[in-house]
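Okay, here's what each chain looks like letter by letter:
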Amino acid sequence: MKEGDAIKGLVGWEWHGYPLLDLPGMEVLTHGETKASRAPGTPHEATIYDGPKGNVVFNAGTIWWAQGLSSPPGHVLPAHKAAQPQGVDSRVQRMTENLFKRFTA
């Protein structure tokens, strides 16, 4: 994907506060605006960074990531007025593949 590209309904729902901690090497991968009354407009953010022991920490910033990976027979996409996952998306599958390659590098 390129800067400015988006996958509707992917990032969101999970929100753990703002601002983000300023961790060494943390990269914000993407964001989505929250509609929560406690902090409207504050973004959900997917992040990745290298941990202190050679580990990699990834936070998808969403509960909808799995919806972009597969759709088993009989599966019905969940829906909520604030989030509408769109289902299987080859870009989500590729991002996950790249993520696992980084985990195992």
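These numbers were taken from a predicted model, which means no experiment stands behind them.

Brief notes about the pattern of salt bridges
- Within the structure shown, the criterion is met by three salt bridges.
- Residue aspartate 50 pairs with arginine 102 through a salt bridge whose shortest N-O separation is 3.0 Å. One end of the pair, aspartate 50, is in strand S2 (residues 43-50); the other, arginine 102, is in helix H1 (residues 90-104), with 52 residues separating them in the sequence.
- Of the residues examined, aspartate 50 reaches a relative accessible area of 48% and is grouped as partly exposed.
- Of the residues examined, arginine 102 reaches a relative accessible area of 32% and is grouped as partly exposed.
- As a salt-bridge pair, aspartate 89 and arginine 91 come within 2.7 Å of each other at their nearest N and O atoms.

Here's the deal with the confidence of the model for the protein
- Overall, the predicted model of the protein reaches an average pLDDT of 82, with 84% of residues at or above 70.
- Looking over the protein, one finds the lowest element-wise mean pLDDT in strand S1 (residues 27-33), namely 80, and the highest in H1, namely 93.

Structural notes on the packing of aromatic side chains
- Using the criterion set out here, one finds two aromatic pairs in the structure.
- Residues phenylalanine 58 and tryptophan 65 carry aromatic rings whose centres are separated by 5.6 Å and whose planes lie at 70 degrees to one another, so their mutual orientation is edge-to-face.
- With a centroid separation of 5.5 Å and an interplanar angle of 75 degrees, the aromatic rings of phenylalanine 100 and phenylalanine 103 are classed as edge-to-face. With phenylalanine 100 and phenylalanine 103 both in helix H1 and three residues apart, this pair spans about one turn of that helix.

A few points about the sheet that holds strand S3 (residues 56-59)
- If you trace the three strands from one edge of the open sheet to the other, you get S1-S2-S3, paired in antiparallel fashion. Looking at which strands have only one partner, the edges of the open sheet turn out to be S1 and S3. Strand after strand, the sheet turns through a mean of 10 degrees between neighbouring axes, direction not considered.
- Examined bridge by bridge, S2 and S3 share four bridges and lie antiparallel to one another.

About the cut-offs
Residues numbered from 1 in each chain as written. Predicted model: local features only at pLDDT ≥ 70, side-chain atom pairs only at ≥ 80, totals over all residues. Heavy atoms only, no water. Salt bridge = Lys/Arg side-chain N within 4 Å of Asp/Glu carboxyl O. Helix = DSSP H or I, 4+ residues; strand = E, 2+ residues; numbered from the N terminus. Buried < 20%, exposed > 50% of the residue type's maximum accessible area, 1.4 Å probe, protein only. pLDDT = per-residue confidence, 0-100. Phe/Tyr/Trp six-rings, centres within 6.5 Å; stacked < 30°, edge-to-face > 60°. Pairing = 2+ DSSP bridges. Axes fitted to C-alpha atoms, helices over the stretch in contact; angles between N-to-C directions.

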